Number of protein chains: 2
Amino acid sequence: MNFSSKLLENAVNEFSRLPGIGQKTALRLVLHLLNQPADDVTKFSDALTKLKSEICYCAVCHNIADEAICEICNAPKRDKGLICVVEDTRDVMAIENTNQFNGVYHVLGGLISPMDGVGPSDLSIDSLINRLRENDVHEIILALSATMEGDTTIFYLYKKLKDFNVQISTIARGISFGGELEYVDEVTLGRSIVTRVPYERSIA
Amino acid sequence: MNFSSKLLENAVNEFSRLPGIGQKTALRLVLHLLNQPADDVTKFSDALTKLKSEICYCAVCHNIADEAICEICNAPKRDKGLICVVEDTRDVMAIENTNQFNGVYHVLGGLISPMDGVGPSDLSIDSLINRLRENDVHEIILALSATMEGDTTIFYLYKKLKDFNVQISTIARGISFGGELEYVDEVTLGRSIVTRVPYERSIA
């Protein structure tokens, strides 16, 4: 693209480095910002600079936080003996939105993926084991994505954790609520028949 | 959404105010930035602040520029007697990309749109008339979108400009190159028959 201004070109290039944003979208966003009051643009760029410089990661669960220990780990009503292991902060938000979980989290910061060069040592697995050693944990829920990387990570964690006196569970897999059988893929449907649950349990 | 951090929430809110970006996309972009080196994030926010504070608009054509007069208006090889009137800087870029135009531009900064509260006085129409008065202009090309607002603006400009000794033209409308007749809407197809051109002219 031929930009009429170096400043414009810089801003567009910075925007188009974000995932899923090409040059045309970037230009549209930049021109939108250019039409906003100067205060709004300053607020926008301040929010980003501050985010990067002041953000903390909870020392216990590694979730994004404003303090050294996050709100969830600090909450007295939460069951500290029930740890839900997730990939990143988005998964914490997703599970929090369900209002079905009253334990604490452990954010791995990724999944084991040799293709992307992510090994077990890149994830916060050691600190999970320390939490198990130092606290009275009765159950660990492995709430990872149902992908190759997720399954690999679950298997690795299971091998690491199975010698501790703690129950290890994974979240249930099966057809979604509202899902119609004819559109469900055969692997999911097949597994959901094999791992069927007594009706009394499913309405508990 | 339940954010685990106020800083994160602020950054996501700022991003989600951009057009076409919702909360989920904003969160994805912010988490991506959070994983980048601090330098990159600083570069990103600096590019935006600088853009807003240092950008100029060309005193002649009102296009976005780094100097008081833009490169196109300054270029000695450009035909200053041929002015192409466009809506905004994106249209200048689009026409420059064609390499088919050797005149100069005039950026209106919008189109007349009573629905959005944009009247003729909000656009740089007076300065266009001044350019006509003070320079030796032989042709004005009205290259505006083929929408209701574009047509209204073209009609308004035509009424304002027709008493000057200058040829007023609009860009050709018709079917696109590569367009298949059966998929062309009937208004475009009908007009392209009415405004047909002799074959010798169409290959000139």
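Just so it is clear, the structure is predicted and the values come from calculations on it, not from any experiment.

(A) Spotlight on the pattern of salt bridges. Summed over the entire model, instances satisfying the criterion amount to 12 salt bridges over all chains. Its salt-bridge partner being aspartate 88 of chain B, residue arginine 90 of chain B comes within 3.4 Å of it at the nearest N-O pair.

(B) Representation of the interface of chain B and chain A within the structure. In this assembly, 51 residues from chain B lie in contact with 51 residues from chain A. The junction of chain B with chain A conceals about 5000 Å² of combined surface from both sides, 69% of it contributed by carbon and sulfur atoms. A salt bridge links arginine 17 of chain B to aspartate 40 of chain A, with the shortest nitrogen-to-oxygen separation between them at 3.1 Å. Across the chain B-chain A interface, the total number found is 16 residue pairs in polar contact (both at pLDDT 80 or more). Taken together, the elements giving at least two residues each to the side of chain B that touches chain A come down to α1 (6-16), α2 (23-34), α3 (38-54), β2 (64-65) and α5 (89-98) of chain B.

(C) Quick look at the domain arrangement of chain A. Domain parsing of chain A yields domain 1 (6-54) and domain 2 (76-171). Distance between the C-alpha centres of domain 1 of chain A and domain 2 of chain A: 35 Å.

(D) Molecular detail of the UniProt feature "zinc finger region: C4-type" (unreviewed entry) in chain A. On the UniProt side, "zinc finger region: C4-type" (unreviewed entry) is annotated at positions that read residues 58-73 of chain A here. Each end of residues 58-73 of chain A is marked by a C-alpha atom, and these two atoms are 8 Å apart; helix forms 19% of the span and strand 12%.

(E) Representation of the side chain of glutamate 96 of chain A. Turning to its location among the elements, glutamate 96 of chain A is positioned in helix α5 (residues 89-98). Among the polar contacts listed, one links the side chain of glutamate 96 of chain A to the side chain of tyrosine 105 of chain A, at a separation of 2.6 Å. Once you skip the residues sitting within four places of it in the chain, glutamate 96 of chain A turns out to touch Ile72, Arg78, Phe101 and Tyr105 of chain A together with Asn2 of chain B.

(F) Just unusual backbone geometry, in detail. Residues and elements named next belong to chain A. We note that histidine 62 has phi near 70°; this positive angle belongs to a residue other than glycine. Within the fold, histidine 62 resides in the loop between β1 (56-57) and β2 (64-65). Unlike most non-glycine residues, asparagine 99 shows phi in positive territory, near 55°. The topology assignment puts asparagine 99 in the loop between α5 and β4 (103-107). Judged by relative accessible area, asparagine 99 falls into the exposed class, the value being 68%.

(G) Geometry of the UniProt feature "domain: Toprim" (unreviewed entry) in chain A. Residues annotated in UniProt with the feature "domain: Toprim" (unreviewed entry) correspond here to residues 81-176 of chain A. With 35% helix and 20% strand, residues 81-176 of chain A has end C-alpha atoms that lie 29 Å from one another.

(H) Just the packing of aromatic side chains, in detail. The full count for this structure, using the stated rule, is seven aromatic pairs over all chains. Ring centres of phenylalanine 15 of chain B and phenylalanine 44 of chain B lie 6.4 Å apart, and the angle between their planes is 35°; on these two criteria the pair is classed as tilted. Of the two residues, phenylalanine 15 of chain B is situated in helix α1 and phenylalanine 44 of chain B in helix α3; the sequence distance between them amounts to 29 residues. The exposure class of phenylalanine 15 of chain B is buried, given its relative accessible area of 0%. Residue classification places phenylalanine 44 of chain B among the buried residues on the basis of a relative accessible area of 2%. Cluster of aromatic residues (ring-pair linked, three or more members): Phe15 and Phe44 of chain A together with Phe15 and Phe44 of chain B.

Each value, and the rule that gives it
- The numbering scheme is per chain: residues are counted from 1 as the chain's sequence reads.
- Think of it this way: whatever chain is written first is A, whatever ligand is written first is 1, and the rest follow in order.
- Selection of residues for local features in this predicted model requires a pLDDT of at least 70, selection of side-chain atom pairs for listing and counting requires 80 or more, and totals for whole chains, interfaces and linings are taken over all residues.
- Computation of side-chain values covers all heavy atoms of the structure but excludes hydrogens and water.
- Each salt bridge in this description consists of a side-chain nitrogen of Lys or Arg and a carboxyl oxygen of Asp or Glu lying within 4 Å of one another.
- Residue contacts are defined here by distance: any two heavy atoms, one from each residue, within 4.5 Å place the two residues in contact.
- Two parts placed together each lose some accessible area; with a 1.4 Å probe, that loss summed over both constitutes the buried area.
- Definition of a polar contact: a pair of N or O atoms within 3.5 Å, with one able to donate and the other able to accept a hydrogen when the atoms are protein atoms, and with sequence-neighbouring residues admitted only if both atoms are side-chain atoms.
- Counting from the N terminus, the helices are the DSSP runs of H or I reaching at least four residues and the strands are the DSSP runs of E reaching at least two.
- For each domain, the first and last residues come from an automatic or database assignment.
- UniProt positions are given in the numbering used here, feature names are shortened, and annotations may be inferred rather than shown by experiment.
- Relative accessibility thresholds used throughout: buried, under 20% of the residue-type maximum; exposed, over 50%; partly exposed, between the two (1.4 Å probe, protein chains only).
- The criterion for an aromatic pair is that two Phe, Tyr or Trp rings (for Trp, the six-membered ring) have centres within 6.5 Å, with stacked assigned to planes under 30 degrees apart, edge-to-face to planes over 60 apart and tilted to the rest.

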